[in-house]
Every structure is written in structure tokens, then in C-alpha cells.
Amino acid sequence: MDELKLTIQEAQEMLLLSQSSVYSWIDKGKLQSAETPGGKVIIISRKEAEEIRNFNLKSRRNKVAKQTLQKTSSESASSDTPVINAEILENDTQDDSLKSTQNVTLRLISRIEELALDAGRFKQLEILRNEEKENVKFWQEKYHELNLELKKKESELNSLKLELQALKNKQSRGTLLSFFKKD
């Protein structure tokens, strides 16, 4: 296996990554590194380095790759001998298909975001409905408790009415008897 040992600067140039990206990739374990007296050294196979470089050349978001492409295209335009950069040519021919793929990807991402928002809204509705059900249960229980209490009070009221009626009857009999006793 053909391994390369690159300094951070060399890794940046070869892999078309920014310095922060190189360190981030090391931290995440995407790149292997070793400490040397001169600093960190990136250990990577030549094949893997080429794959990362090619991927970064095709990436629209990679600023380092864009700068490298601009630099190489301006250098080749200013040189006397015609130089064909195969990677740039390949990017140009794939540009239309890449744009359509990116458009589809962007539309899919947009739709996924919409669905995620809808899912969040549905989750909120579900929570509200559950709270509403709990509230309905609570008030139904309260209704039944109060209804039982009302029935108890009504029966107490009826018994008090009966007692009052009995007292009135007793008093009216007592008044009639006293009326007859006076004469």
C-alpha cells in the first residue's frame, strides 16, 4: 500500500481542505495522524487522498477547491504551452447534470424540511389533543362528583322539608288543641 506522510499544509493542498477542516477530520477520526517533533503528520494512502481530492473538486461548497481551480485555470491560461486540465474539463461536462442533480437534491431537502415542520405541528396537535382529553376526563370526573354531592344535598333537603312539615303539623295540632281548651 502506497502511504503518504503529509504535513498539515501539504494535506491542505493535496486534499483541498482548509486547515480547520483537516484538524476537524483528524478529531473525528476521518484522517489518521501521528505526532512528530516537527508537528502533526497525516498518514493516508495515495488512493484515498486522490478520492478525497476528486470529491472536493466536484463539491460546490468547497471553497479551497474553487480557489485551486481558479488558480490552475488562470495559470494555464497565462502559460505559453496549452495545458488541458482533465479535472476541470470533467467538471465542465458534468456541470449540467450536476446542476440538475443539485436542484433535485435541494428540492428534496426543502420537502424534507417541510415534512419535518408538519411532523412537528402534528406532534404539537397530538399533545394538545391529549391534554384536551385529560381536561375532558378531569371535568367529567368533577361533574360526576358534583352530581353525587347535589343528590346528597337534595336528599338532605327533602328530609329537612319532611321534618319541617312534621313540625308544622305538630304545631298546628297544638294550636287547635289550645284553642279548644280555652273555651
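Cut-offs applied
Residues numbered from 1 in each chain as written. Predicted model: local features only at pLDDT ≥ 70, side-chain atom pairs only at ≥ 80, totals over all residues. Heavy atoms only, no water. Pairing = 2+ DSSP bridges. Helix = DSSP H or I, 4+ residues; strand = E, 2+ residues; numbered from the N terminus. Core = buried A, V, L, I, M, F, W, Y, C linked by side-chain atoms within 4.5 Å. Buried < 20%, exposed > 50% of the residue type's maximum accessible area, 1.4 Å probe, protein only. Contact = heavy atoms within 4.5 Å. Patch = residues over 30% accessible without salt bridge, like charges linked within 9 Å, V, L, I, M, F, W, Y side chains within 5 Å. Areas by Shrake-Rupley, 256 points an atom, 1.4 Å probe, with all protein chains shown as cover. Salt bridge = Lys/Arg side-chain N within 4 Å of Asp/Glu carboxyl O. pLDDT = per-residue confidence, 0-100. Axes fitted to C-alpha atoms, helices over the stretch in contact; angles between N-to-C directions. Parallel < 35°, antiparallel > 145°, perpendicular 65-115°, else oblique. Nonpolar A, V, L, I, M, F, W, Y, C, P; charged D, E, K, R; others polar. Arc of directions from axis to C-beta.

Participant: So what's going on with the pairing of strand β2 (residues 32-36)? Residues and values would help.
Facilitator: Where β2 lies against strand β3 (residues 39-45), five bridges are found, and the strand directions are antiparallel. Within β3, the residue paired with Ala-34 across the bridge is Val-41. Where β2 hands over to β3, the hairpin turn is made up of two residues, counted between the paired strands.

Participant: If you had to explain the nonpolar core to someone new, which residues and values would you point to?
Facilitator: Of all hydrophobic cores here, the largest spans 13 residues; its most connected members are Leu-6, Leu-15, Val-22, Ile-26, Leu-31, Ile-42 and Ile-44. Residue assignment for this core shows that the elements contributing at least two residues are β1 (3-7), α1 (8-15), α2 (19-28), β3 and α3 (46-58). If one sorts the elements of this core by residue count, α1 sits on top with three residues. Filtering out sequence-adjacent residues up to four positions away, Ile-42 remains in contact with Leu-4, Lys-5, Leu-6, Thr-7, Ile-8, Ala-11, Val-22, Ile-26, Leu-31, Gln-32 and Ser-33.

Participant: Explain a nonpolar patch on the surface residue by residue, including any values.
Facilitator: Taken together, the side chains of Val-104, Leu-108 and Ile-112 make up a nonpolar region of the molecular surface, amounting to roughly 280 Å² of accessible area. Along the chain, Leu-108 turns up in helix α5 (residues 86-182).

Participant: With reference to specific residues and values, describe unusual backbone geometry.
Facilitator: Although it is not a glycine, Leu-16 sits at a positive phi angle of roughly 60 degrees. Classification of Leu-16 as buried rests on a relative accessible area of 0%.

Participant: So, the confidence of the model for the chain: which residues are in play, and what are the values?
Facilitator: Overall, the prediction assigns the chain a mean pLDDT of 78, with 73% of residues at 70 or greater. In the model of the chain, helix α4 (residues 63-78) stands out as the element of lowest mean pLDDT, 62, in contrast to α2, which has the highest, 89.

Participant: Account for the pattern of salt bridges, naming residues and giving values.
Facilitator: Across all of its chains, the model carries four salt bridges by this definition. A salt bridge links Glu-35 to Lys-40, with the nearest nitrogen and oxygen atoms 3.3 Å apart. Put simply, Arg-111 and Glu-114 hold a salt bridge, and the shortest N to O gap is 3.1 Å. One end of the pair is Arg-111 and the other is Glu-114, both in helix α5 and three residues apart, which spans about a single turn. Here Arg-111 falls in the partly exposed class, since its relative accessible area comes to 43%. Judged by its relative accessible area of 38%, Glu-114 falls in the partly exposed class.

Participant: Give me the packing of α1 against α3: which residues, what numbers.
Facilitator: Packing of α1 against α3 brings their axes to within 8 Å, and their N-to-C directions diverge by 55 degrees. One way to sum up the angle between α1 and α3 is to call them oblique. Along its contact with α1, which presents Glu-13, Met-14 and Leu-15, the element α3 presents Ala-49, Ile-52, Arg-53 and Asn-56. Taken together, the residues of the contact of α1 with α3 sort by class into four nonpolar, one polar and two charged.

Participant: Please give an account of α1 that cites residues and values.
Facilitator: Taken as a whole, α1 has its buried residues at Ile-8, Ala-11, Gln-12 and Leu-15. Down the axis of α1, the buried set is contained in an arc of 105 degrees. They therefore lie on one face. Of the surrounding elements, those touching the buried residues of α1 are β1, α2, β3 and α3.

Participant: Which residues make up the sheet that holds β1, and what are the values?
Facilitator: In space, the three strands of this open sheet follow the order β1-β3-β2, with antiparallel pairing throughout. Two strands in the sheet have a free side with no partner beyond their single neighbour: β1 and β2. The mean angle between the axes of side-by-side strands here comes to 30 degrees, regardless of whether they run parallel or antiparallel. One ladder, built from five bridges, connects β1 with β3; its direction is antiparallel.

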